[in-house]
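# Tertiary structure, described
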Number of protein chains: 4
Amino acid sequence: MRAPADSQDSGLTGPLLIVNPKAYLYGDELVRLARLTDELAGQFQIPTIFTAQHADLRLLSEHTLDLTITAQHMDPIVPGRGMGHVLPEALVDAGARAVVLNHAEHALTLAELDATMERAREVGLSTIVCADSDAQCRAVAHLGPDAMICEPTAAIGTGEMDAGDYVERTTAIVKDVDPSILVIQAAGVSRGADVARVLAQGAGGSGGTSGIIKHPDWREILSEMYTAIRDHATTPTR
Amino acid sequence: MRAPADSQDSGLTGPLLIVNPKAYLYGDELVRLARLTDELAGQFQIPTIFTAQHADLRLLSEHTLDLTITAQHMDPIVPGRGMGHVLPEALVDAGARAVVLNHAEHALTLAELDATMERAREVGLSTIVCADSDAQCRAVAHLGPDAMICEPTAAIGTGEMDAGDYVERTTAIVKDVDPSILVIQAAGVSRGADVARVLAQGAGGSGGTSGIIKHPDWREILSEMYTAIRDHATTPTR
Amino acid sequence: MRAPADSQDSGLTGPLLIVNPKAYLYGDELVRLARLTDELAGQFQIPTIFTAQHADLRLLSEHTLDLTITAQHMDPIVPGRGMGHVLPEALVDAGARAVVLNHAEHALTLAELDATMERAREVGLSTIVCADSDAQCRAVAHLGPDAMICEPTAAIGTGEMDAGDYVERTTAIVKDVDPSILVIQAAGVSRGADVARVLAQGAGGSGGTSGIIKHPDWREILSEMYTAIRDHATTPTR
Amino acid sequence: MRAPADSQDSGLTGPLLIVNPKAYLYGDELVRLARLTDELAGQFQIPTIFTAQHADLRLLSEHTLDLTITAQHMDPIVPGRGMGHVLPEALVDAGARAVVLNHAEHALTLAELDATMERAREVGLSTIVCADSDAQCRAVAHLGPDAMICEPTAAIGTGEMDAGDYVERTTAIVKDVDPSILVIQAAGVSRGADVARVLAQGAGGSGGTSGIIKHPDWREILSEMYTAIRDHATTPTR
C-alpha cells in the first residue's frame, strides 16, 4: 500500500510547472488530467507539481510516474487525536511528496504555519508556502520553505496579471533572503506567453488553476506552458 | 475508480458500532483494523461506521465490504475554488457514505454546519453531527442530521464515563425532537460493558477511539463490543 | 465608574428599533447619533437597541438615558486569561445591557454560541442572536435567546429586501419554537415603509445599519422609522 | 471626548515595564491598578505599557497620565461594516497609543497580521507583536513592528522561566533583523529579580500578567520591578 516513493523525485527544482486543480476536479477527471500531465512532463523532462484533494492523492500516486504529488493543505498534528484534521504521515503514506500551505483560501496563523512546516520536515514533505504582500513574502522566506507561491490575493482566479512589477519585486525579495527558495509566480497566468514572461522576470516556476482547468483542450494548454518552460530553460543568455 | 457504492449500505440503522481512529492510524495499520472490523461486522451482522483520514477513504472502501466508510470532516464547498478544503463530491467518489461534522476537535459555525449538511444531502452522504451540552444537542437535532454523537467535550479521550445522567438525558432530548435520529453515545466507552450500558440507556450506537485503538488486542475488544450490541439487539424485553 | 444600570431598561420588548452602527461610527460622531436617537426614543417612548464598538460602550452609557446599550460581540471567557478577547463582565461594567452574537460578520461555532449565551445569562446581558436560513433560525431559537435577528446573509448591506416570504417565514419559525423571543427583521430595511412592512409581517423590531448611517439626515430617517413603529403599535386591529 | 493624546508619549522606548492585566481586571479594580502604576511610572520615570479590555481603554486614558494605554487586539477593518470586530480608529479615539497583536491566546494569520500592522501605522498606533519560536520571532521582526513580545507559548501563565537560553537567543534574533525593535521578555517573570535578569540578557522591557495581578501587594511588586528596571538603566558598564 506504500506509494513508490523512490521513483518520484521531490521535483522542487526549477524551472517547473505547477498544476493546481484545487477543488475543480476529482476522481476520474482528475486522473485524466494527471495522466496527461504526467505524459507531457515525461516528454518535456520538466519537473511538475500536481496538487489534489486529499482523498485523491493515493489515486494519483498510483497512476502517475513523474509528477510531484502534492497535498493542498495539512495540519500540524501528530498521530493521535485531531478528528477532522489532516495528518502529515497519512499524506506521505498516500504518495504525497510536497504540501502547499497558507493559501489565501486556507490561511494559517504564523504559529500554525511554523509548526506545520516543522512537521513537513519531520515526515519528509517539501513545503510550498503562499504569500501575498512584500512583507508577507519576506516573512515567509525567513521561515525556510522549499518553494513559495507569491500571489496578490486580489488577482487569484481572475486570469488577469498584475500590471505592475509584482513578479520581479516579490521574486527579488525572496531570493534576497534565500536564493535556494524556488519562487512560483502563477497569479493570472493562463497562456504559455504568461509562463514565459514570469520566468523571464525571475520566477522558478509557473502554471495555475483556472487557466488550465477551464481551457477547452488540456493537452494544448499544457503543451504550450511546457514549451514556454523548455524554451526558457534552453535560452543561452539570460 | 468509482467505489462499489451499491455493495455498501448507509449503515445508519442501529444498534451499530462506530470505530473512529481519528488520526491514530493510517495506511497499512488502518487497513488492518478496518479489515478486522469488516470481518467481525459481517459475522455479527451489525452495521458499522468506520472513519478515516481523507487520504485513506478510498483505500478502505477498496478493502472492505460491510463498513460504512465515513469521512471525519468536510467543507461546504462546491467543485471549483476552495484550495485546501475538502470537497464533498471527492469523498463520495472515494467511497465515503457518511461524514462526521462539528466534532469538538473541529467545531463549525452554525452557518457552516447548516451549509455542510445541505451539501451532504446533495451528494448523498449521511450526516453524523456532534454536540455537547443539552442545548447544543437540541439545536443540532433540529438541523435534521441522520445521526448524532452526543459527547461531553470534557470527557473526550479520558476513558471515563459521565457519572451523571448525560447519556439518558441527551438521548431523550434528541429523540424528543426527532425519533428517527440515531443517537451515538461513545464518550468514555472502553469496554463491552460500557457499550451495553449506553444501549440500555437508549443509545442507538456506541464504540469509540482510544478504547479500541489502544487496546492490546483489537479482535478481543471489537468482539466484546459487537457481542454487547448483539446481546442488546436480541434481548426480548426492553 | 459604574454605569447607571437602574435607569436603563433591558428594552427587549417590542415593537422596538435597533440602531446598529457596526464600525461605521465611533467617538464624537457615534455620540451624536446616540444622543439624537436617545432624544427620539424618549419622545416616541419606543424601546431602542443601540450597538457600539466595545471601546465606546461606556461613552454611550454615560451620554444617553433610554437606549439599551448593546455590545456587537463578546467571548465566553471568565475573568482571567484570554488576551485579546472580550470579557462579559467588562461590558456590563461599561454599561452594556445586551449583546449581539453570531452575526454573519462574526460567526460563532455552535459550542461557542452556547457557552457565550450561558455567560450572558450569568452576567445579566440580554442576548440578541443572529441567524440566516430557516434551519439556523429554528436551531438558534432552541438555544433560548432573548431576541433574534433573522437575516439572509446575502442581503446584508444591500438595501434590498428579500422578494420572497423570508420575513413571515422565519418569524413564524421562531415564534413556533418560543413566542417570547423577540424577532428583529432588518435586512434591506432603509425606510420607514420597510419598518412598517416587516412589523406587519410579524416582526417585533426593525431598524438597521446603512439605511440609517448613510442617510443624509439622521433625524429624518430615525423619525420616519419611529413613526412607523408607533403607528404599528397603535393600530387597533392586526 | 477625545483623549489627551499629546500628554501621553508612545512610550515604546526601553527599558520599560509592561503591565498586561488581560481579562483578569476591569472597571474599578483595573483603574485602581492603573492609577497605582501611573503613580509609580511617574516617580521612577520609566516608560510603561498598560493594556486593557477595549471597553476600559477610555476609562484608563482619562484616569492616567504617564501610561501608554494599549489595546489587547484589534482587527484590520476600516470604518464601515465589520460587526463585532475592533476598529483601529475607535481605539485611538478612546486614547489607545499601542496595540498588542498575535498573542498566543488570539493568534492571527500572517495575512491578517500584515494587514493589521498596516492599519496600525495608518492610525498611528504603535505595534507590539507576539512571537514564540525562533523562526516566528525572525519572521515577525521582518514585518517591522515597534516592539515584540517573545514568549514560549508553553510557558505562558506558569510563573516558570525558560531554563535554557530562550531570552538571549530570541532577543538576538530580533536585534539582528532590526536593532530598533524593542524586545519584551515577560514569560514566567514574577519578581524584580526576573526583570533584572531578562534585561541583563538583552531585553528592552519586561513585566507580565499573573506575576503582578495575583501578587497580594500591587505596590510592592510594581516597585520591585520598577526598581529592577531603574537599576538596570543606571548600571554604568553594560
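Look up a bit, the structure's there.
Bear in mind the structure is a predicted one, so any value in this text is a computation, not a measurement.

## Re the packing of aromatic side chains
Residue and element names in this part refer to chain D.
- On inspection of all chains with the given rule, the structure shows four aromatic pairs over all chains.
- Ring centres 5.4 Å apart and planes at 15° place the aromatic pair Phe44 and Tyr226 in the stacked group. Residue Phe44 is located in helix H1 (residues 27-44), and its partner Tyr226 is located in helix H9 (residues 218-234); the two are separated by 182 residues in the primary sequence. As far as the burial class goes, Phe44 and Tyr226 line up, both buried.

## As for the interface of chain C and chain B
- Listed as interface residues are 15 residues of chain C and, on the opposing side, 15 residues of chain B.
- Both faces combined, the contact of chain C with chain B buries some 1,400 Å², and carbon together with sulfur accounts for 67% of it.
- Three residues stand out in chain C for area buried against chain B, namely Leu110, Gln136 and His142 of chain C, and they jointly supply 42% of the buried area on that side.
- On inspection of chain C and its partner chain B, the count reaches zero salt bridges.

## Description of the arrangement of the chains
- At their nearest point, the C-alpha atoms of chain A and chain C are still 15 Å apart, with no contact between the two.
- There is a gap between chain B and chain D: no contact, and a shortest C-alpha distance of 15 Å.

## Let's talk about the relation of the copies chain C and chain B
- Its rotation angle being 180°, the transformation that places chain C on chain B also includes 0.0 Å of axial translation and leaves an RMSD of 0.0 Å. Viewed as a symmetry operation, the transformation between the two copies matches a two-fold axis. Considering only C-alpha atoms, the residue of chain C closest to the rotation axis is Thr109 of chain C, which sits at 1.8 Å.
- The fraction of interface residues of chain C whose copies in chain B are also interface residues reaches 100%, indicating that both copies meet through the same surface.

## A word on the interface of chain B and chain A
- Contacts between chain B and chain A engage 41 residues on the former and 40 residues on the latter.
- Carbon and sulfur atoms supply 59% of the area buried between chain B and chain A, which totals about 3,700 Å² over both sides.
- On inspection of chain B and its partner chain A, the count reaches four salt bridges.
- Glu105 of chain B is paired through a salt bridge with Arg81 of chain A; the nearest N and O atoms lie 3.1 Å apart.

## Remarks on the nonpolar core
- The biggest cluster of nonpolar side chains holds 131 residues, and the ones touching the most others in it are Met148 and Leu222 of chain A together with Met148 and Leu222 of chain D.
- When sequence neighbours within four positions are dropped, the list of residues in contact with Met148 of chain A reads Val129, Ala131, Cys137, Val140, Ala141, Val174, Ile181, Leu182, Val183 and Ile184 of chain A.

## Section: the relation of the copies chain B and chain A
- Taken as rigid bodies, chain B and chain A are interconverted by a rotation of 180° and an axial shift of 0.0 Å, the fit giving an RMSD of 0.0 Å.
- Both copies contact each other with a shared surface, as 98% of the interface residues of chain B are interface residues in chain A too.

## Side note on unusual backbone geometry
Residue and element names in this part refer to chain B.
- Backbone torsion omega between Gly14 and Pro15 reads -5°, so that peptide bond is classified as cis.
- A positive phi angle, near 45°, is found at Lys22, a position not held by glycine.
- Accessibility expressed as a relative area gives 5% for Lys22, which makes it buried.
- Residue Asn102 is not a glycine yet carries a positive backbone phi of 65°.

## Describing the pairing of strand S4 (residues 98-101) of chain C
Residues and elements named next belong to chain C.
- Side chains Ala98 and Val100 of S4 all project onto a buried face; the interleaved residues Val99 and Leu101 project onto the opposite face, where all are buried too.
- When strand S3 (residues 67-71) meets S4, the two strands line up parallel, connected through two bridges. Across the sheet, Ala71 pairs through a bridge with Val99, a residue of S4.
- In this fold, S3 hands off to helix H3 (residues 88-93), which returns the chain to S4; that crossover is right-handed.
- When S4 meets strand S5 (residues 126-131), the two strands line up parallel, connected through four bridges. Counterpart to Val100 in the pairing with S5 is Ile128.

## Description of the packing of helix H1 (residues 27-44) of chain B against helix H9 (residues 218-234) of chain B
Residue and element names in this part refer to chain B.
- Two numbers describe how H1 lies on H9: the axes approach to 10 Å, and their chain directions differ by 35°. Of the two possible hands of crossing, H1 and H9 adopt the one that is right-handed. Note on element contacts: H9 touches H1 through Trp218, Arg219, Leu222, Ser223, Tyr226, Thr227 and Arg230, opposite Glu29, Arg32, Leu33, Leu36, Thr37, Glu39, Leu40, Ala41 and Phe44.
- Partitioning the contact of H1 with H9 into residue classes produces eight nonpolar, three polar and five charged.

About the cut-offs
Residues numbered from 1 in each chain as written. Chains lettered and ligands numbered in written order. Predicted model: local features only at pLDDT ≥ 70, side-chain atom pairs only at ≥ 80, totals over all residues. Heavy atoms only, no water. Phe/Tyr/Trp six-rings, centres within 6.5 Å; stacked < 30°, edge-to-face > 60°. Helix = DSSP H or I, 4+ residues; strand = E, 2+ residues; numbered from the N terminus. Buried < 20%, exposed > 50% of the residue type's maximum accessible area, 1.4 Å probe, protein only. Contact = heavy atoms within 4.5 Å. Buried area = accessible area lost by both parts, 1.4 Å probe. Salt bridge = Lys/Arg side-chain N within 4 Å of Asp/Glu carboxyl O. Least-squares fit on C-alpha atoms with pLDDT ≥ 70 in both. Core = buried A, V, L, I, M, F, W, Y, C linked by side-chain atoms within 4.5 Å. Pairing = 2+ DSSP bridges. Right-handed = clockwise from strand over helix to strand, strands pointing away. Axes fitted to C-alpha atoms, helices over the stretch in contact; angles between N-to-C directions. Left-handed = near helix turned anticlockwise from the far one by under 90°. Nonpolar A, V, L, I, M, F, W, Y, C, P; charged D, E, K, R; others polar.

Structural measurements only, silent on function.
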